[in-house]
Amino acid sequence: MPIQQLTEDVISKIAAGEVVERPASVVKELIENALDAGAENIRIEISGGGRKLIQVSDDGTGIPADEIALAIARHATSKLRSADDLFDIRTLGFRGEALASITAVSRTTILTRHRDEEMGVQVKIEGGRSGPLKPAGAPAGTVISVENLFFNVPARLKFLKTDTTEKRQISLVVMRYALAYPTVRFIFLQDGREQFRTTGSGELADVVVRVFGLDVFKRMIEVRAEEKLRGTTESIAVRGFVSEADYNRKDRSRIYLFVNGRAIQDNSLIYAVTQAYHRLLPRGQYPYAVVMVDVPPRFVDVNVHPTKAEVRFQDANIVFSVVQRAVRSAVVNPHQLHQAHRDQQSTGGWSVPYTPHDASDSQMEFQLPDYDDAVSDTDKRHRQQRQTDDDKFPPEKPRTLPPLRVIGQVGAAYIVAEGPAGMYLIDQHIAHQRVLVDYFLDSVADETTLDTLTPEACTIQVDAEQRDLIDEYSVLLSMLGLTLELFGTDTYRVQSVPALARNQEPAEFVLKWLTAVDAGAEDVQQEILHHLARIVSVKSGQVLSQHEMQEMVRTLERCDTPLRGPFGQPTLLHMSADYLQHEFKRNKPASDSAS
Ligand code: ADP
Ligand code: MG
């Protein structure tokens, strides 16, 4: 292809692609504009995961009628005049790119009335082409409605994830801004239903409760610290809430970081937060955290990335250590709000090495789904006998492993078994997870419901994300035995739990399960099944009877993928007869003669 100047249309779509990656980016830009316009109330409404509609209404200054054309032009902004201003940015927007980009790839309607004007105006822009300005009655402020996002960029449309994923991204954006702006009242509606609302009280704690739910908040400690920058009158301030050292989760997704009121994704700052828990959190566990860092504006460059999600600090090390010290001192020495709660563990000492709080699980009884027990009570079963049993149990599934004979248990964690091809060492925790997942899949496919228990007067408090999950997967959850009844905006009554969880405290079990599920995963149903299996499966450290081991192994022998647990871990080690022989040097002529 010969070199050609790109057309304006192509250029604007390329530029739009940088700012508007997905529906959540639109929501982000529109919220930022509303905040920059001084809004006190911001209402966000989306439908169809943001593909169909994203509407953001605010009661900010509004846009003067004669500036609308400029507002949607590329590189037009009211927030920046000279390049020098770039080093002292106090607004969220400054690049003048958002409206140009959004209107280039959607059908956008802007309805706005500037505070000082009598009459509002409305304009529709489709794929970058603006219609006429029409006078319209409107309260002071701005309503921007973005419909059919990416209608003219099919390539981008193709790359969007499921509605659920996009919705999740959007709620994350809304929550981040709600956290950053506690004085602003946010209302977020999704497909006509209210998802999230803040009061605008100005108290960060109020928003944290809305975002994480009261139960999590109760386990959080306040962070508040300020350090002078050497040789200046300026300082770095850190404030927010972080979870207690023994209240954590297995990913970093609940660590929210803000620099000068801007939500950022900065791995080194996330690391600073987790480092603060050094030796307090077990490997692979992360806290819940909302951490606001305020630095002098000239100290930070936000103009690193088109979406402004990354920042560059003049001295990243200082910021890192101030954050780490602030969080550390809060965690180690929590002069926190929840006095009553702290008292329960105040003598524990925060420097005590962590003991996993799953330890109590090892007392759990071994639980297998109730299979037909007709052939199961023979502890002295032998291989010959097994062949005939094969037809009976479970009749419909083909074998995937050779028949194994259970010999015993090692270290209360592994089952030793013998098979035609040698010796097998089976991880009881992983193997049980595999067995359970297959069992769940079968019962979901057959549309049968697992056995349930009815807990007494049990309610749980969930965050917006968990509520989405419950809404969206209620059918699946109830097939698995979990039925929940809405009992307030963020509270559910637990009506039944799977009987498999009989040895766990119901509310704790349900929250543990829902929290573990990654609602943004490719396959959420799978997440739900896998984590249920993980939580109710037999743990290492649990002594199993011969009968229980045989049951497990016999079921494993007919699982579709018997060699891997649901999270990909191996279920067993196989030591073939050849391997054993080789390891014992039996194949060497010298030792052969000795045998
Ligand atoms: P930027 O925010 O970087 O300036 P945008 O493209 O997002 O660029 O917006 C362009 C301009 O349109 C803004 O500078 C502002 O003057 C005006 N504007 C956009 N949205 C709003 C709003 N909700 N209320 C008032 N003014 C707005
Ligand atoms: Mg903007």
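Residues numbered from 1 in each chain as written. Chains lettered and ligands numbered in written order. Predicted model: local features only at pLDDT ≥ 70, side-chain atom pairs only at ≥ 80, totals over all residues. Heavy atoms only, no water.

Draft legend 1. Fine view of the sheet that holds strand S10 (residues 220-228). Taken together, five strands build an open sheet; the order of strands is S10-S11-S14-S12-S13 and the sheet is mixed. In the strand order of this sheet, the two ends are held by S10 and strand S13 (262-264), each with one partner. On average, each strand axis in the sheet is tilted by 20° relative to the strand beside it, whichever way the strands run. Relative to strand S14 (residues 289-294), strand S12 (residues 255-259) runs parallel, the two being bridged by five bridges. Residue pairing across strands places Leu257 opposite Val291, the latter belonging to S14. Lying over the sheet, helix H6 (residues 163-180) contacts S12, S13 and S14, oriented at roughly 55° with respect to S12. This element, helix H9 (residues 267-275), spans S12, S13 and S14 of the sheet and lies at about 120° to S12. (Pairing = 2+ DSSP bridges. Helix = DSSP H or I, 4+ residues; strand = E, 2+ residues; numbered from the N terminus. Axes fitted to C-alpha atoms, helices over the stretch in contact; angles between N-to-C directions. Contact = heavy atoms within 4.5 Å.)

Draft legend 2. The arrangement of the sheet that holds strand S24 (residues 572-576) in detail. Judged by pairing direction, the sheet is antiparallel, and its four strands sit side by side in the order S17-S18-S19-S24 without closing on themselves. Every other strand in the sheet has two partners, leaving strand S17 (405-410) and S24 as the edge strands with one partner each. Within this sheet the neighbouring strands show an average axis-to-axis angle of 20°, counted without direction. Where strand S18 (residues 414-419) lies against strand S19 (residues 422-427), six bridges are found, and the strand directions are antiparallel. Residue pairing in the sheet places Val416 in a bridge with Leu425 of S19. The sheet contacts of helix H13 (residues 428-445) involve S17, S18 and S19, and relative to S19 the element is tilted by about 80°.

Draft legend 3. Fine view of the pairing of strand S11 (residues 235-243). Counting buried residues in S11 gives eight out of nine residues, a clear majority hidden from the surface. Across nine bridges, the pairing between S10 and S11 is antiparallel. Residue Glu226 lies in a different strand from S11, and its bridge partner there is Ala237. Connecting the antiparallel pair S10 and S11 is a turn made up of six residues, with Gly231 showing a positive phi of about 75°. Sheet topology note: the S11/S14 ladder contains six bridges and is antiparallel. (Buried < 20%, exposed > 50% of the residue type's maximum accessible area, 1.4 Å probe, protein only.)

Draft legend 4. Region of the structure containing the side chain of Thr555. The residue Thr555 is located in helix H18 (residues 546-556) in this model. For Thr555, a relative accessible area of 6% puts it in the buried group. Reaching out from Thr555, the side chain makes a polar contact with the backbone oxygen of Glu551 at a distance of 2.7 Å. (Polar contact = N/O pair within 3.5 Å; in protein donor to acceptor, adjacent residues only side chain to side chain.)

Draft legend 5. How the structure looks around the pattern of salt bridges. Inspection of every chain in the model, using the stated rule, returns 24 salt bridges. Of the charged contacts in the structure, one is a salt bridge between Glu45 and Arg43, with a shortest N-O distance of 3.0 Å. Accessibility expressed as a relative area gives 19% for Glu45, which makes it buried. Residue classification places Arg43 among the partly exposed positions, given a relative accessible area of 31%. Between Asp471 and Arg193 there is a salt bridge, with the nearest N and O atoms lying 3.0 Å from each other. (Salt bridge = Lys/Arg side-chain N within 4 Å of Asp/Glu carboxyl O.)

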